[in-house]
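A look at the structure
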Amino acid sequence: VVFSLCTVDSTLFFTTPEHVFRSDDLGNTIYPVFTFSGYVYPAVASGGGPSLFWYQTMPGPDCLYESSDKGLTYDTIPLAGLPANIGFGPVCRLGGNIWLSTTAGTYMRNDLQPQWTLKSPVSFTRMEILEGVLTAGSSQGVFRLDTILNQWLPENSGLETLDVRGLCSNDGNLYLATG
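**Some words on the sheet that holds strand β11 (residues 97-102)**
Strands sit in the order β10-β11-β12-β13 across an open sheet of four strands; the sheet is antiparallel. Of all strands in the sheet, those with a lone pairing partner are β10 (88-94) and β13 (113-120), marking the two edges. The mean angle between the axes of side-by-side strands here comes to 20°, regardless of whether they run parallel or antiparallel. Pairing geometry for β11 and strand β12 (residues 105-110), over six bridges, is antiparallel. The residue bridging I98 from the neighbouring strand is R109, located in β12.

So this is what it looks like as structure tokens:
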């Protein structure tokens, strides 16, 4: 069972229940990046950025991992400040900040401050860096990050359906998949 597929600079990554794999040649040759005896959740390319994230649960504590070199090495991201027993959702890096959406809201962690802090009560279904702006979709619409205020601002003008499940941009136009 493949949970997720993503690419970072034309390198393909995919996850299965206990592994993260990579391929540099469109899937002809596959290399394991990470193997765990518990349960590995989907890998995500960081909104078009250079980071790759994945997380695992069971049998030990939940862990979040980040690789900035296409899975050759990875770092464990501490979870201090996050509530216990929450579900992880989309994760994205923008500069020195990591943004993590959970079932308890959306949190931020700065590279210089190892504590997660709640930045929005909204749980996002998707986060992407679109034209340099961190943009997110949720059941409450589209939000864009104001990096000066570190606040999520709604961008729902003209939306008939607020349940946003996917988003992308092309030539300055924002495209949404709604439910």
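**Details of the side chain of S101**
As for its position among the elements, S101 is in strand β11. Look at S101 and you get buried, because its relative accessible area is 1%. In this view, S101 contacts G87, F88, G89, P90, T106, V122, S123, F124 and M127; residues no more than four positions away in its chain are not counted.

**Here we look at unusual backbone geometry**
Phi is positive for E131, which is not a glycine, with a value near 55°. Within the element layout of this structure, E131 appears in the loop between β14 (124-130) and β15 (133-138). Relative accessible area serves as the criterion here: at 57%, E131 is assigned to the exposed category. The phi dihedral of N150 falls on the positive side, at around 50°, and the residue is not glycine. Mapped onto the elements, N150 comes out in the loop between β16 (141-146) and β17 (151-154).

**A short note on the sheet that holds β14**
Spatial strand order, β14-β15-β16-β17: four strands in an open sheet with antiparallel pairing. Because the sheet does not close on itself, it has two edges, and the strands there are β14 and β17. Each strand axis lies, on average, 30° off the axis of its neighbour in the sheet, ignoring direction. Across six bridges, β14 lies against β15 in antiparallel orientation.

**Remarks on the pattern of salt bridges**
In this structure the tally under the stated criterion is five salt bridges. Its salt-bridge partner being R22, residue D24 comes within 2.6 Å of it at the nearest N-O pair. Since its relative accessible area comes to 10%, R22 is described here as buried. Among the ionic pairs, R93 bridges to D111, the shortest N-O distance being 3.0 Å. Here D111 lies in the loop between β12 and β13 and R93 lies in strand β10, a separation of 18 residues in the sequence. Take R93: its relative accessible area is 17%, and that puts it in the buried class. Taking the relative accessible area as the measure of exposure, D111 reaches 42% and is therefore partly exposed.

Here is what the cut-offs are and how they apply
- Residues numbered from 1 in each chain as written.
- Predicted model: local features only at pLDDT ≥ 70, side-chain atom pairs only at ≥ 80, totals over all residues.
- Heavy atoms only, no water.
- Pairing = 2+ DSSP bridges.
- Helix = DSSP H or I, 4+ residues; strand = E, 2+ residues; numbered from the N terminus.
- Axes fitted to C-alpha atoms, helices over the stretch in contact; angles between N-to-C directions.
- Buried < 20%, exposed > 50% of the residue type's maximum accessible area, 1.4 Å probe, protein only.
- Contact = heavy atoms within 4.5 Å.
- Salt bridge = Lys/Arg side-chain N within 4 Å of Asp/Glu carboxyl O.

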